[in-house]
Amino acid sequence: MHLQAQEGLMSTFRTGWRSRSAVAYGLSLLLFAFYISMYFGGQYGLPDLWQPLAEAVGLRSKWFVYGLVYTVWMLIGAAWYLRQHGNSRYNQARIGVNVAVQVVLGFTLPFVMPLFGGTEYYFSYFWPLKYDYLYPHTMWSLPWYLALYGVVMAVFTAPLAAVFFGKRWYCSWVCGCGGLANTFGDPWRHLTSSSTASWRFEKYAIHAVLGLAVVSTGVIAMHQMGMGEGTLLVPIAQQTKIWYGFVVGSILSGVIGTAVYPVLGPRIWCRNFCPMAALLGMSQKLGRFRIRVKKDMCISCGNCTTYCEMGIDVRAYAQRNQSFTRSSCVGCGMCAHVCPRGVLRLENGAWEQAEDKQLQGLSIIDY
Ligand code: SF4
Ligand code: SF4
């Protein structure tokens, strides 16, 4: 029984389903089964459960069934999150905006616009996360203003906003993947590994996927613009489109990305494989965002590291009085929220603070 409105931090470790028990593994298996049936139903000999259901309830395709389920998971998760951590205006605003973006831009508009003769378009997803939005065939099929919006957001607005505000503006306020992780996935945030091995894997994996996204988009664009006819470019582009979609678009972002929440934590996709996170992380490293550590106040309790969904060892920075910018930080604010001493503060003022940090002999930017 909870005697307070906010649950204590230790409640995390009392409940088996949040601590890699058999129930947690069972939940993970259920999520795997759901994602396999959603992505691959009707192929590889698997029954198609979702398309007939979509048609029966008046949704255009099985992807709107998925969108509806996804949105409901986010709403339930948001209620959970706010019950746990809602005693902070940052948390209230962040989760409120993230859920509203999903409801309006991630589900309702794409569903409703075609009913009025418009185009099904997801305004909250940009290349390289929505990798086909920069393919020439996709752009030619869109009204010019939507094609232009996709290009401007991907190559200019999104990276520039990350320079000024950090990647949190997208990864923690707008993106549906981050939104699901921060709501539905919140009960398992403490399971994210902060080991050195996981950090090394993350560095190589996420930049490899970004590289693949850039190369595959280039190759597919050349092919779709009619270049390289009669050469190897054509089969390479065709296979690249199929395999990038299968491995990154389906397996890593969908099946693995979400199904492992109950055993490996909620940001496996965002941390290790999302090319958008990699791109915005580079902007963040060069920009103003940082987590400021107040000097000589840390009592080394470790709450910040435990609750960091990106596996960053925040305590190590706090113990060294070292303010930091990590490209993987999504600016969720949980490290600051759970710190009993108010040691940590998220801020967008790194440029102004750079001189102070140099005087202290601290690195201004860290990976
Ligand atoms: S360092 Fe803090 S703000 Fe950044 S991802 Fe971890 S918990 Fe969130
Ligand atoms: S920064 Fe705060 S939460 Fe992190 S170890 Fe120090 S006192 Fe604990």
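1. Some remarks on the site of ligand 1
No. 1: With respect to spatial proximity, the complete set of residues near ligand 1 consists of I291, C308, M310, I312, V314, C329, V330, G331, C332, G333 and C335.
No. 2: Partitioned by chemical class, the residues of the shell around ligand 1 number nine nonpolar, two polar and no charged.

2. Concerning unusual backbone geometry
No. 1: With omega at 5°, the peptide bond leading from W127 into P128 counts as cis.
No. 2: On the secondary structure map, P128 appears in the loop between α5 (89-112) and α6 (136-141).
No. 3: Positive phi, normally seen in glycine, also occurs at R20, with a value near 55°.
No. 4: In this fold, R20 is placed in the loop between α1 (11-14) and α2 (22-40).
No. 5: In this structure, D296 is a non-glycine residue whose phi angle is positive, near 55°.

3. Quick look at the packing of helix α10 (residues 196-224) against helix α14 (residues 275-286)
No. 1: Their axes nearest at 8 Å, the elements α10 and α14 cross at an angle of 105°. Here α14 runs roughly perpendicular to α10, going by the angle between their axes. Of α14, the residues touching α10 (which contributes I206, H207, V209, L210 and A213) are P275, A277, A278, L279 and M282.
No. 2: For the contact of α10 with α14, the class distribution of residues is nine nonpolar, one polar and no charged.

4. Quick look at the side chain of R271
No. 1: Locating R271 in the fold gives a position in helix α13 (residues 268-272).
No. 2: Given the relative accessible area of 5%, R271 is considered buried.
No. 3: In terms of polar contacts, R271 uses its side chain to reach the backbone carbonyl oxygen of S193, at 2.7 Å.

5. Considerations on a nonpolar patch on the surface
No. 1: Together, W144, Y145, L148, V152, V155, F156, L160, F164 and F165 make up a nonpolar patch on the protein surface, roughly 940 Å² of accessible area in all.
No. 2: Inspection of the secondary structure puts V155 in helix α7 (residues 144-165).
No. 3: Its relative accessible area of 54% is what places V155 among the exposed residues.

6. Things to note about α14
No. 1: End to end, α14 covers 17 Å across twelve residues, agreeing with the expected 16 Å (1.5 Å per residue, within 8%).
No. 2: With nine of its twelve residues buried, α14 lies for the most part within the structure.
No. 3: Turning to α14, its buried residues number three or more, namely P275, M276, A277, A278, L279, L280, G281, S283 and Q284.
No. 4: Next to the buried residues of α14 lie α7, α8 (168-171), α10, α11 (233-259) and α13.

7. Points about the confidence of the model for the protein
No. 1: When the pLDDT values of the protein are averaged, the result is 91; 91% of them are 70 or greater.
No. 2: Under a pLDDT of 50 for its full length, residues 1-6 has, in the predicted model, nine contacts with residues more than four places off or in other chains.

8. Digging into the nonpolar core
No. 1: In terms of nonpolar packing, the biggest core is built from 99 residues, with Y35, L129, W169, Y170, W269 and L344 touching the most fellow members.
No. 2: With eight residues, the single largest contributor to this core is helix α4 (residues 62-85).
No. 3: The residues touching Y35, leaving out its near neighbours within four places in the chain, are F40, Y66, Y70, W73, L180, G254, V255 and T258.

9. Let's talk about the state of the cysteines
No. 1: Inspection of every chain in the model, using the stated rule, returns zero disulfides.
No. 2: Left unpaired, C175 is separated from the closest cysteine sulfur, that of C177, by 3.9 Å.

10. Description of the environment of R18
No. 1: Secondary-structure assignment places R18 in the loop between α1 and α2.
No. 2: Once the C-alpha coordinates of R18 and Y261 are considered, the two residues, 243 residues apart in sequence, prove to be 9.8 Å apart.
No. 3: A distance of 2.8 Å separates a polar atom in the side chain of R18 from the backbone oxygen of P187.

11. As for the pattern of salt bridges
No. 1: Counted under the stated rule, the structure contains nine salt bridges.
No. 2: Among the salt bridges present, the one from K130 reaches D132, with a minimum N-O distance of 3.9 Å.
No. 3: A relative accessible area of 24% means that D132 is categorised as partly exposed.
No. 4: Salt-bridge contacts for D186 lead to R189; the nearest nitrogen and oxygen are separated by 2.9 Å.
No. 5: Overlapping salt bridges, with partners in common, bring together D186, R189, R267 and E309 in one network.

Cut-offs applied
Residues numbered from 1 in each chain as written. Chains lettered and ligands numbered in written order. Predicted model: local features only at pLDDT ≥ 70, side-chain atom pairs only at ≥ 80, totals over all residues. Heavy atoms only, no water. Near = heavy atom within 4 Å. Nonpolar A, V, L, I, M, F, W, Y, C, P; charged D, E, K, R; others polar. Helix = DSSP H or I, 4+ residues; strand = E, 2+ residues; numbered from the N terminus. Axes fitted to C-alpha atoms, helices over the stretch in contact; angles between N-to-C directions. Parallel < 35°, antiparallel > 145°, perpendicular 65-115°, else oblique. Contact = heavy atoms within 4.5 Å. Buried < 20%, exposed > 50% of the residue type's maximum accessible area, 1.4 Å probe, protein only. Polar contact = N/O pair within 3.5 Å; in protein donor to acceptor, adjacent residues only side chain to side chain. Patch = residues over 30% accessible without salt bridge, like charges linked within 9 Å, V, L, I, M, F, W, Y side chains within 5 Å. Areas by Shrake-Rupley, 256 points an atom, 1.4 Å probe, with all protein chains shown as cover. Salt bridge = Lys/Arg side-chain N within 4 Å of Asp/Glu carboxyl O. Expected span 1.5 Å × (residues − 1). pLDDT = per-residue confidence, 0-100. Core = buried A, V, L, I, M, F, W, Y, C linked by side-chain atoms within 4.5 Å. Disulfide = S-S within 2.5 Å.

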